[in-house]
Amino acid sequence: MTDITAQTTTAALPEGITEPPQPTTRNGNPAARAGLLIVGVLLGLGIWYPLADRNTPFTSGASITALVTQISPRISGPVSTVLVQDNARVQAGQPLFTIDDTTFAMDVAQAQAQHDQVLQSLGATDAAVAAARAQLERIKVQATTATQARDRAVELFAKGTIASAKFDQANADYDSAQAAINAATADLARAQAQAGPSGEANPQLRSATAALEKARFALDNTTVVAPVDGYITNLSLAAGQFAAAGQAAMTFIDPSTQALIGDFRENQLVNVAPGDPVQVIFEAAPGQIFDGKVESIAWGISSGRNSVGGLALSSTDTRWFPPARKIPVRITLDDETLPANLRLGSEASITIYANGTTGLIPTISRGLMQIKSWLAGLN
């Protein structure tokens, strides 16, 4: 049976052909296909990046910033009590720490005593002025009597009814009274000069009052308070430490000054202007995209040039392609309610839509931002 089948199959083939022809397939070269794919991807990226930089510039180097204040006391002394904890939220005017007020209370008591002494001295000088004025009035009365006596003596002496001795005595009494008036007037002027201006205008009283207010001001400043609502962070102050006036004792963050700033390459900002719409992704809020706009673009950054001996120091950078300079761009979010877990320095990614949000490139960029928001929590 086997022989008959074999003969039948052989007989069916054309002469000179012992096997049936096999169908041909075009498998190609896998390496060539991979190379073409790589070239295509590189070409696509080479086209995408310049277009994206001009139309939808992107940066992942953005962060939350805020004004950081170094809280320092206005007076020096040992810290007696620290009234807050690290990373605590505080209200405006809330006490943060106190400085030992022993010596400052003594200064207030001393200034108060000096103030009282000045008041007492002014009272004495006022009394002296009053006494000098009364003495002058008394002498003026005596001088009036002496003047009247001299006038009568002149009249009687002219009639020859009194002796010349009495006439001379009347003239002497008159001259003495005038001299006494001059002396009393000088005494009053001296007393008034010593007393100075009266009341609040007196310089001694103003000096004593200023010293007392200064001492009270120092005593009041032994308690250091929060300037505005904010947060205390990186606290390293403890009771017993010496706090120097003007030296940082606490780090304070003012959340009302929070701002989102992203660094963009110079060539990315060619078409960017304040008011352009943006999308923001925070690493602390994966899956969420926040809308906003460009608030402002920094007008300058450090050039990095130095001088030595008054002469410019030349750059020693020999790289063909030095790193691009980046310009800070301030972003304002439409929704002021930020994620609660955002902190100063929190990282963010920003895309600016320089030519609007419609079109192929903005649509692709929005899709890439959505993907990045989903992957944000995987870092």
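Here's a quick rundown of the structure. Keep in mind the model is a prediction, meaning the values are calculated, not measured.

Taken in spatial order, the 4 strands make up an open sheet running S5-S4-S2-S7, and their pairing is antiparallel. Among the strands making up the open sheet, the edge pair consists of strand S5 (223-225) and strand S7 (242-243). Pairing between strand S4 (residues 95-99) and S5: 3 bridges, direction antiparallel. Across the sheet, Phe-97 pairs through a bridge with Val-224, a residue of S5.

Glancing now at unusual backbone geometry. Positive phi, close to 65°, is recorded for Asn-87, a residue that is not glycine. Within the secondary structure, Asn-87 sits in the loop between strand S2 (77-82) and strand S3 (89-90). Taking relative accessible area as the criterion, Asn-87 reaches 53% and is therefore assigned exposed. For Asn-234, which is not a glycine, the phi torsion comes out positive at approximately 55°.

Let's shift gears to the side chain of Asp-254. Residue placement: Asp-254 occurs in strand S8 (residues 250-265). Within the buried set, Asp-254 has no salt-bridge partner at all; the shortest N-O distance to an opposite charge, 8.2 Å, is to Arg-89. Apart from the residues within four sequence positions on either side, Asp-254 is in contact with Ala-66, Leu-67, Val-228 and Asp-229.

Rules behind the numbers
Residues numbered from 1 in each chain as written. Predicted model: local features only at pLDDT ≥ 70, side-chain atom pairs only at ≥ 80, totals over all residues. Heavy atoms only, no water. Pairing = 2+ DSSP bridges. Helix = DSSP H or I, 4+ residues; strand = E, 2+ residues; numbered from the N terminus. Buried < 20%, exposed > 50% of the residue type's maximum accessible area, 1.4 Å probe, protein only. Lys, Arg positive; Asp, Glu negative; His and termini not counted. Salt bridge = Lys/Arg side-chain N within 4 Å of Asp/Glu carboxyl O. Contact = heavy atoms within 4.5 Å.

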